[in-house]
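Observations on the model geometry
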Amino acid sequence: MLVAGNWKMNGTGADLDTIAQIADAARGFETVDTALCLPATLIERAARGRPAFPIGGQDVHAEQKGAHTGCVSAAMLRDAGATLTIVGHSERRQAQFETDSDVRSKAETALSSGLGVILCVGESDEVRESGSAIATVSAQLDASLPHGDAAARGVPTRFAVAYEPIWAIGTGKIPSIAEIEAMHAALRLRLLAAYGDAGDQVRILYGGSVKASNASDIFAIADVDGALVGGASLTAADFMPIVEAAADARH
Ligand code: PGA
């Protein structure tokens, strides 16, 4: 199980204590890989404070360096102490117009640079209502997956997929158990098609309004290998019960 927090555009130096609390508490759950994906400005201080705890970025540029004002490269993330990064979060796909092919390039660059990757996919409300969620998200995954050398080196150990229905993010709404199960099973098939046997080992996380009260039910679903957690990752009191639920899950 992998439980990763996504702090989005939240957190300043005043929150380093919270990060340390989460890192310290996570050591009590050895069977769960716990990580926090932080704003770029906090990564170095957080990593320095708790060097053994995995700290991630929330995005990375596809190029290694150059004239890209405001962007952060994989080498910069690593230099700051990050060991992983999110790519393709729906908030970036929507607000920064990132395409599947952008996301694929970012994932390949990050893996080639030695970072772990959590690659996000997920459907809008309209797509879910229209009945084509599985076809849409499967196609999104196919077009976003890293290939070539980067994939050969990073899949499956440093690579995870997060299924995050856009309409479930920050809304308190989640899909039914059956809907999550069907989506994760479909994504597993895509991973097997792309990577052969290694596709079986890639973790598929669920994300979108995960909290202490629903985590156990979500982690009990076949092919749910963890969670990407936004709002409920901002305090140890909200986040650690989710990590605990992952530790208690049977698979
Ligand atoms: P949420 O966000 O847990 O606040 O719904 C999840 C995410 O966007 O990764």
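Now for a quick tour of the structure. (Residues numbered from 1 in each chain as written. Predicted model: local features only at pLDDT ≥ 70, side-chain atom pairs only at ≥ 80, totals over all residues. Heavy atoms only, no water.)

What follows is about the packing of aromatic side chains. Throughout the structure, instances matching the rule amount to 2 aromatic pairs. A ring pair is formed by Phe 159 and Tyr 195, whose centres lie 6.3 Å apart and whose planes are at 80°; its orientation type is edge-to-face. Residue Phe 159 is found in strand S6 (residues 159–163), and its partner Tyr 195 is found in helix H9 (residues 177–195); the two are separated by 36 residues along the sequence. For the pair Phe 159 and Tyr 195, one class covers both residues: buried. With a centroid separation of 6.1 Å and 65° between ring planes, the pair formed by Tyr 163 and Tyr 206 is classed as edge-to-face. Highlighted residues: Tyr 163 in strand S6 and Tyr 206 in strand S7 (residues 203–207), separated in sequence by 43 residues. Take Tyr 163 and Tyr 206: they sit in the same class, and that class is buried. (Phe/Tyr/Trp six-rings, centres within 6.5 Å; stacked < 30°, edge-to-face > 60°. Helix = DSSP H or I, 4+ residues; strand = E, 2+ residues; numbered from the N terminus. Buried < 20%, exposed > 50% of the residue type's maximum accessible area, 1.4 Å probe, protein only.)

Relative to the helices and strands, Glu 164 is located in the loop between S6 and H9. With a relative accessible area of 5%, Glu 164 lands in the buried category. Considered as a pair, Glu 164 and Leu 228 are 64 residues apart in the sequence and their alpha carbons are 8.2 Å apart. Dropping the residues within four chain positions of it, Glu 164 is found in contact with His 89, Cys 120, Val 121, Gly 122, Glu 123, Ile 169, Gly 207, Gly 208 and Leu 228. (Contact = heavy atoms within 4.5 Å.)

A few words on the state of the cysteines. The full count for this structure, using the stated rule, is 0 disulfides. Cysteine Cys 37 is unpaired, with the sulfur of Cys 120 as its nearest cysteine sulfur at 8.8 Å. (Disulfide = S-S within 2.5 Å.)

What follows concerns the site of the ligand. By nearness alone, 13 residues border the ligand, and Lys 8, His 89, Glu 164, Gly 170 and Ser 209 come closest of all. The separation between an oxygen atom of the ligand and a polar side-chain atom of His 89 is 2.7 Å. Contact distances for the ligand include 2.7 Å between an oxygen atom and a side-chain N or O atom of Glu 164. Look at the ligand: alone it shows 290 Å² of surface, and the protein chains cover 94% of it. Residues that form the shell around the ligand fall into these classes: 4 nonpolar, 7 polar and 2 charged. (Near = heavy atom within 4 Å. Polar contact = N/O pair within 3.5 Å; in protein donor to acceptor, adjacent residues only side chain to side chain. Areas by Shrake-Rupley, 256 points an atom, 1.4 Å probe, with all protein chains shown as cover. Nonpolar A, V, L, I, M, F, W, Y, C, P; charged D, E, K, R; others polar.)

In the structure shown here, the tally under the stated rule is 15 salt bridges. Residue Arg 50 is joined to Asp 24 by a salt bridge in which the shortest nitrogen-to-oxygen separation is 2.7 Å. In this pair, Arg 50 sits in the loop between helix H2 (40–49) and strand S3 (55–57) while Asp 24 sits in helix H1 (residues 16–26), placing the two residues 26 residues apart along the sequence. The class for Arg 50 is partly exposed, based on a relative accessible area of 30%. (Salt bridge = Lys/Arg side-chain N within 4 Å of Asp/Glu carboxyl O.)

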